[in-house]
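Coordinate inspection notes
The residues making up each chain are set out below.
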Amino acid sequence: MKRSTTLAFFIAIASFAHAQPVLTFTGNAPAPGSTRTLHYGPYVSPGGSGANQNWDLSALTTDSTILIQHVQPGTTPNGASFPGSTVAETGAAATMFFRSASDGVYLVGSDADLVIPYTDQARYLPFPCTYQTNWTDDFASVFDSDGFNVFRSGTVDGTADGYGTVTMPFGTVDDVLRVHWHEETTDSTLLFTMQHTYDGYLYYVAGSSHPLAQLVSESVTFMGQTTTHNHAQWVADVSTQVPNDAVMPVASLYPVPTYDILNFNLPASFSGLQLISITDAQGRSVLERSIVQVDGRSGRADVSSLAPGTYHLTATDELGQRATRGFVVQ
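Now for a description of the structure that goes with this document. (Residues numbered from 1 in each chain as written. Predicted model: local features only at pLDDT ≥ 70, side-chain atom pairs only at ≥ 80, totals over all residues. Heavy atoms only, no water.)

Concerning the overall build of the protein
Within the protein, the regular secondary structure consists of 2 helices and 21 strands. Burial status across the protein gives 45% buried among its 330 residues. (Helix = DSSP H or I, 4+ residues; strand = E, 2+ residues; numbered from the N terminus. Buried < 20%, exposed > 50% of the residue type's maximum accessible area, 1.4 Å probe, protein only.)

Considerations on the environment of Pro46
Its place among the elements puts Pro46 in the loop between β1 (35-41) and β2 (50-56). Under the relative-accessibility criterion, Pro46 is labelled buried at 13%. Here the alpha-carbon distance between Pro46 and Arg178, two residues 132 residues apart in the chain, equals 9.6 Å. For Pro46, the residues in contact, after removing those within four places along its chain, are Trp55, Arg178, Tyr201, Tyr203 and Leu215. (Contact = heavy atoms within 4.5 Å.)

Points about the pattern of salt bridges
Inspection of the entire model under this criterion finds 3 salt bridges. Between Glu89 and Arg36 there is a salt bridge whose closest N-O contact spans 3.6 Å. Of the two residues, Glu89 is situated in strand β4 (residues 87-90) and Arg36 in strand β1; the sequence distance between them amounts to 53 residues. By the burial criterion, Glu89 is buried, and Arg36 matches it. (Salt bridge = Lys/Arg side-chain N within 4 Å of Asp/Glu carboxyl O.)

Here's the deal with a nonpolar patch on the surface
Nonpolar side chains collect at one region of the surface, where Phe148, Leu190 and Leu191 lie side by side and expose about 400 Å² of accessible area between them. Locating Phe148 in the fold gives a position in strand β9 (residues 148-168). Of the residues examined, Phe148 reaches a relative accessible area of 40% and is grouped as partly exposed. (Patch = residues over 30% accessible without salt bridge, like charges linked within 9 Å, V, L, I, M, F, W, Y side chains within 5 Å. Areas by Shrake-Rupley, 256 points an atom, 1.4 Å probe, with all protein chains shown as cover.)

Concerning the nonpolar core
Soluble globular proteins tend to pack their nonpolar side chains together in the buried interior. Core analysis: the biggest nonpolar cluster contains 29 residues, and Leu125, Val179 and Trp181 have the highest contact counts within it. Secondary structure elements with two or more residues in this core: β6 (104-111), β7 (115-126), β8 (134-145), β9, β10 (171-188) and β11 (193-205). With 5 residues, β7 is the single largest residue contributor to this core. Core analysis: the second largest hydrophobic core is formed by 19 residues, Val44, Met168, Tyr203 and Val205 among them. (Core = buried A, V, L, I, M, F, W, Y, C linked by side-chain atoms within 4.5 Å.)

Some points on the pairing of strand β3 (residues 64-71)
Pairing geometry for β1 and β3, over 6 bridges, is antiparallel. Paired with Leu38 across the strands is Ile66, a residue of β3. Sheet analysis places β3 next to β4, joined by 3 bridges and oriented antiparallel. Paired with His70 across the two strands is Glu89, which belongs to β4. (Pairing = 2+ DSSP bridges.)

Regarding the sheet that holds strand β15 (residues 252-254)
A sheet is described by the order of its strands in space; here 3 strands give the open sequence β15-β16-β19, paired in antiparallel fashion. In this open sheet, the two strands that pair with only one neighbour each are β15 and β19 (298-302). When strand polarity is set aside, the average angle formed by the axes of neighbouring strands in this sheet is 20°. In this sheet, β19 lies alongside strand β16 (residues 261-265) in antiparallel orientation, the contact comprising 5 bridges. (Axes fitted to C-alpha atoms, helices over the stretch in contact; angles between N-to-C directions.)

Section: the packing of aromatic side chains
For the coordinates displayed, the defined rule picks out 9 aromatic pairs. With a centroid separation of 3.9 Å and 10° between ring planes, the pair formed by Phe82 and Phe97 is classed as stacked. Of the two residues, Phe82 is situated in the loop between β3 and β4 and Phe97 in strand β5 (residues 95-101); the sequence distance between them amounts to 15 residues. Accessibility classification places Phe82 together with Phe97 in one group, the buried group. A ring pair is formed by Phe98 and Tyr124, whose centres lie 6.4 Å apart and whose planes are at 65°; its orientation type is edge-to-face. With a gap of 26 residues between them, Phe98 in strand β5 and Tyr124 in strand β7 connect regions that are remote in the sequence. For the residue pair Phe98 and Tyr124, the accessibility class agrees, reading buried in each case. Through a chain of ring-to-ring contacts, three or more aromatic side chains come together here, namely Phe98, Tyr124, Trp181 and Tyr198. The ring of Tyr106 has Arg99 lying over it, and the distance from NZ or CZ to the ring centre is 4.3 Å. (Phe/Tyr/Trp six-rings, centres within 6.5 Å; stacked < 30°, edge-to-face > 60°. Lys NZ or Arg CZ within 6 Å of the ring centre and 35° of its normal.)

Next up, the structure:
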């Protein structure tokens with residue numbers, strides 16, 4: 001009997017070797033203010049799927065880097081063309097416009113050589129998202145290219161296919177959730193049809209709006225010819241020590257959802273809270289006031305005057321550091 005109990009105990013311990021991460025609106029929704037350096041390099045093997053994985057991405061190397069920023073959509077040249085977007089991602093070839101909502105992150109459109117607003121927005125990441133979460137969503141757009149109407153249609157399929165530990169070039173990260181994400185896009189005009197396929201493995205940690213790494217395989221088919229490109233993109237650490245012009249996540253908000261009082265705890269690096277502001281789903285400031293410190297990094301805000309919906313709280317300390325996190329008002 002003792003032998004059986006001991007074996008059961010060790011089996012139970014092994015089954016909890018890694019926690020199952022949960023991606024949430026409050027912890028993982030992108031918001032204006034964050035900045036990260038994105039490394040690009042050759043594709044590496046994504047590893048297997050399933051529970052308690054040990055993914056080895058230590059062979060990732062860097063060919064180039066770009067600075068990615070999340071900004072208010074209205075600060076971009078064509079932001080007015082993407083109503084409803086809550087954040088714009090700049091720095092890459094195209095500026096991407098997203099809408100963060102309590103049930104997920106939606107693509108509102110993109111702006112590069114062409115302005116492409118989506119009439120049917122695709123949900124790129126659902127909330128909450130944990131191991132074996134899966135989803136499918138269609139999207140559509142009509143835009144102008146050299147005087148021709150282009151009709152875009154497509155489908156996004158995603159599955160959180162594993163969790164565990166990932167070894168990055170900078171070290172090992174626990175409690176990682178992997179999302180296998182697949183997109184099929186067709187652009188059609190009277191003259192041509194172009195098909196684009198994007199297949200990626202994204203490695204997320206709770207509390208971050210961007211993945212640690214993405215392993216991407218892209219192919220484009222035009223006039224019967226298909227070209228394929230594989231690459232990796234990744235960040236160099238998961239530190240919360242960020243520049244003053246960047247934004248780190250608020251440590252916690254509760255209760256969520258709320259209807260009157262919102263309590264918050266700030267990152268340990270904060271030095272004296274000076275100001276808290278709250279913006280709505282369109283990025284408009286709806287509440288801004290000085291907050292009395294509780295224990296140096298904790299406080300509370302009265303949000304009873306806000307209409308039901310999704311919001312973001314941003315706190316600024318005396319050193320100019322900022323932290324933000326989303327929440328829901330019932």
